[in-house]
Structure formats: C-alpha cells, structure tokens
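# Structural features, examined
For reference, the chains in residue letters:
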Amino acid sequence: VYPVVVGVPGEKPFSVTRKKIMFGAKSSIKKEGQKLKYQAGEQLMDKVDDIMNAIEDSLKKEPDSIAVACYMLFKKGIRIGAKKETKNGTKGLLTLTWGKEVTREGGVIHFNFIGKDSVTDISDVDCGVELAKAIEKAWKACGKLKCTKTEIKDFVKKVAPEIPYTPKLTRTVVAANTMKDALKEVIKKYKLTKDSPVALKKLAFNEANMEVAHKLNHQKGVNKTAEAKRALKFEESKKKMVEREKKALQTKAKREAQIAKLTESKKEGWQDKVKDIQAKMDKASMNLDISKKNNEFKEANQNFVSTTSKSAYIDPKIVKSFCEEVDLPIESVYTSSLVDQFTDLM
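Residues numbered from 1 in each chain as written. Predicted model: local features only at pLDDT ≥ 70, side-chain atom pairs only at ≥ 80, totals over all residues. Heavy atoms only, no water.

### Focus on the confidence of the model for the chain
Residues at a pLDDT of 70 or more form 93% of the chain, whose mean pLDDT is 91. Strand 1 (residues 2-6) is the least confidently modelled element of the chain, averaging 68 in pLDDT, while strand 3 (residues 102-105) averages 98, the highest of any element. (pLDDT = per-residue confidence, 0-100. Helix = DSSP H or I, 4+ residues; strand = E, 2+ residues; numbered from the N terminus.)

### Thoughts on the packing of helix 6 (residues 198-215) against helix 8 (residues 270-300)
One way to put it is that helix 6 packs onto helix 8 with a least axis distance of 10 Å and a crossing angle of 20 degrees. In terms of orientation, helix 6 lies roughly parallel with respect to helix 8. Handedness of the helix 6/helix 8 crossing: left-handed. Contacts between helix 6 and helix 8 involve Ala 199, Leu 200, Leu 203, Asn 206, Glu 207 and Met 210 from the former and Ile 290, Lys 293, Asn 294 and Phe 297 from the latter. Grouping the amino acids of the contact of helix 6 with helix 8 by side-chain chemistry returns 6 nonpolar, 2 polar and 2 charged. (Axes fitted to C-alpha atoms, helices over the stretch in contact; angles between N-to-C directions. Parallel < 35°, antiparallel > 145°, perpendicular 65-115°, else oblique. Left-handed = near helix turned anticlockwise from the far one by under 90°. Contact = heavy atoms within 4.5 Å. Nonpolar A, V, L, I, M, F, W, Y, C, P; charged D, E, K, R; others polar.)

### Quick notes on the pattern of salt bridges
A side chain of one charge can pair with a side chain of the opposite charge when the charged atoms of the two come close. Inspection of every chain in the model, using the stated rule, returns 12 salt bridges. Residue Lys 189 pairs with Glu 207 through a salt bridge whose shortest N-O separation is 3.1 Å. Remark: Glu 207 occurs in helix 6 and Lys 189 occurs in helix 5 (residues 167-189); sequence separation between them is 18 residues. A relative accessible area of 15% places Glu 207 in the buried class. The partner of Glu 245 in a salt bridge is Lys 292, and the shortest N-O contact between them spans 3.1 Å. (Salt bridge = Lys/Arg side-chain N within 4 Å of Asp/Glu carboxyl O. Buried < 20%, exposed > 50% of the residue type's maximum accessible area, 1.4 Å probe, protein only.)

### Considerations on the sheet that holds strand 5 (residues 119-126)
The strand order across the open sheet formed by 3 strands is 3-4-5, and the pairing between neighbours is antiparallel. Bordering the open sheet on either side are strand 3 and strand 5, each of which pairs with just one other strand. When the angles between neighbouring strand axes are averaged without regard to direction, this sheet yields 15 degrees. When strand 4 (residues 108-115) meets strand 5, the two strands line up antiparallel, connected through 8 bridges. Among the inter-strand pairings, Gly 115 is bridged to a residue of strand 5, identified as Val 119. On top of the sheet, helix 2 (residues 65-76) reaches strand 4 and strand 5; it is set at about 100 degrees to strand 5, its chief contact. (Pairing = 2+ DSSP bridges.)

### Focus on the packing of aromatic side chains
Summed over all chains, the structure comprises 7 aromatic pairs. Where Tyr 334 meets Phe 342, the ring centres are 5.3 Å apart and the plane angle is 50 degrees; that geometry is what we call tilted. You'll find Tyr 334 and Phe 342 in the same group, each marked buried. Grouping aromatic residues by their ring pairs yields a cluster made of Trp 98, Phe 111, Phe 113 and Trp 139. Lys 76 extends its terminal NZ or CZ atom over the ring of Phe 111, reaching a point 5.0 Å from the ring centre. Sitting over the face of the ring of Trp 270, Lys 266 holds its NZ or CZ atom 5.1 Å from the ring centroid. (Phe/Tyr/Trp six-rings, centres within 6.5 Å; stacked < 30°, edge-to-face > 60°. Lys NZ or Arg CZ within 6 Å of the ring centre and 35° of its normal.)

### So, the nonpolar core
Counting 44 residues, the largest nonpolar core has Tyr 71, Met 72, Phe 74, Phe 111 and Trp 139 as the members making the most contacts within it. Elements that contribute at least two residues to this core include exactly helix 1 (28-61), helix 2, strand 4, helix 3 (129-142), helix 4 (149-159) and helix 5. At 9 residues, helix 2 tops the list of elements feeding residues into this core. Look past the residues within four positions of Tyr 71 in its chain and what remains in contact with it is Met 52, Ile 55, Glu 56, Leu 59, Val 125, Asp 126, Cys 127, Leu 131 and Ile 135. (Core = buried A, V, L, I, M, F, W, Y, C linked by side-chain atoms within 4.5 Å.)

### So, the packing of helix 5 against helix 10 (residues 316-326)
Helix 10 packs onto helix 5 with a crossing angle of 15 degrees between their chain directions and a minimal axis gap of 10 Å. Taken together, helix 5 and helix 10 sit at an angle that is classed as roughly parallel. You can see that helix 5 and helix 10 cross each other, and the crossing is right-handed. Mapping the contact onto sequence places Ala 176, Met 179, Lys 180, Leu 183 and Ile 187 in helix 5 and Ile 318, Phe 322 and Glu 325 in helix 10. Looking at the contact of helix 5 with helix 10 residue by residue, the classes come out as 6 nonpolar, no polar and 2 charged.

### As for helix 10
Inspection of helix 10 places Pro 316, Ile 318, Val 319, Phe 322, Cys 323 and Val 326 among the buried residues, and these make up the whole buried set. All buried residues of helix 10 project into a common sector of 160 degrees when viewed along the axis, lining one side. The N-capping residue of helix 10, defined by a side-chain oxygen 3.0 Å from the backbone nitrogen of Lys 317, is Asp 315. Positive phi appears at Asp 327, one or two residues downstream of helix 10, with a value of about 60 degrees. (Arc of directions from axis to C-beta. Polar contact = N/O pair within 3.5 Å; in protein donor to acceptor, adjacent residues only side chain to side chain.)

Dropping the structure here:
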C-alpha cells in the first residue's frame, strides 16, 4: 500500500489517500519484497519450536486470548482478519465466536466460518485434550478473542526479538512446514527417484502443493455456473478414460498374443523381442495409471486454487530442493514468470 498525493508540488495537496498497487513478477520491488519475506520466514522457522513451547506453556499456566491467537496462527495458518466482521459477513481469527464458528470435541478444535473472498472454512486443529480444554476455557470466557495484532507481535518477539514478525508471516511458515512434510510423504508414496516418469513427479508435487492450499484454505469463490461447467468437464474426462481403458485392454491382449507366439516359436532373438513388448506394456499401464490418478486428483480438488501457494507462500528453495532430489525441471512446476521472479531466491 502506497500513499498517493494529488496536487501541485510545494502547495497544499488537494487530497491524500493510500492505494494498493500490484507489481508484476519482473518488478524489482516485487522481487525485493519476496526476498525479505522468505528471509524472515526462514528465520521464523528456526524459532518455531521455541515459540510453540512458549505458547503451550502460557496456555497450560494461564490461558488467555493472546496465547490462543498465537497458537491458532502457528497451527492453522489462519488469517487474523479485521477487528470487526465485514459487511459481507466474512471473518478472521479475531472475530470468530466460540460456540458459533469455533467448537471443541475432545482434543480437536472445529472451525466453520466464512473467510476471505466469502469462502467457507471448515477445518479441524488437533491440539490434544489438555490444550484443547485450555483453549476452550480462554476463548469461551470472552466469546471472541480479546487481543490486538500488536499484542500478538509482542508475544512472539519475546521469544524471537530479532525477527521482523507480523501475523501474516506465520502463513508463510505454516506453508513451508506443510510443504516440506507433504513432499516427504509423496516421495515415499510414489517411491520417487530420479528415474521416475516426469508425469509422476509432477503429480506428486501437485499433491504436496495442494496440501498447502487446503491448509491455508485457498478455495475458489462460489460460482454455480463454473461448478456446472467443471462437472460436465469431469464427466467428459471419465468417458474418455473409459474409452482409453478399453483400447488399452485391446492393445494389451494383442501384445500378450505376440509374446505367446514368440515364446512358442523360440526363434532367434525372441527373448529380446519379448522384453521390448513387455516394456511397452509396462509403460502403457503406468501412463494410464498416472492419467487416472491425475483425473481423480483434479476432481477431488476442483474447488481449491493451486497457484496461490506456489506464487505467494511456499519458499522457492523448498521447490528447488525437491526438483533437484528427483531430477525434475523447475519449469515443470513453475510458470516462466515465476521462474523469473524466483531465480535469485532459489
């Protein structure tokens, strides 16, 4: 946000206002801002354990709004929001009411509220019974959390005074930790190596990235027309997949017949030919399986945006590290504009 002054230089201005200005990916101001954000995010990540210990100690001894707010910021990456509920009913952490948008069941805190861009946030935070009870006690006592951004900053700065902390920076840290854990899981799930198919590596990355989108609630706004179009598109994709599977079975039967014939003939070089045919069958089966997984992934996550987390929250060093580990070109997961934007940060 930048001040805009309208008037004649040297004279009293006609008006003074503040405007939000969006910079392109190639803008030096944009790049510098990203650099400072991720540097601060790295510093904060190094202190997260200490900060969480301080928060939990406070909750166990004498739970209050500040400790609860800090806990939810670092566990959920929730937006802190404005001081008051907006005209269209959207809310942030400091305007959520206990018993209405926030409830407890055992050791789990449930959220159900309308967040930014009028998107519903239905999510859970597993705290363990002891902490969940402490959170309920503090939140229920005041209805809505009674603290300010300054008080939250001061709490964190007691543990990490050297960090230029803001509540929004917490979302960057939550995104980074979520992405790191998710990437480890997909590498294990798909047994990824440098020799794995590029399509499988991309699917794995997209799944990990979507974990961040879910964590930070990067949902698309409600649009019935768009949803109807997507539903038709997915139905069409399913029909095409059925046809593709039929053709794949036919091709497989032909190749199996070829293998049987070659095996029976025992002609010179038949074993090498069988290996080639078998390799083609394995590759076709794998490609079909990846395509099915991609379609299922897209349908299951159709209401979430995957680009926001990549472009604004996940430290590009994490992405580069994954790409190097599995030998995936960075251009496979970043657009050319993001590559340009993050080149100096990776």
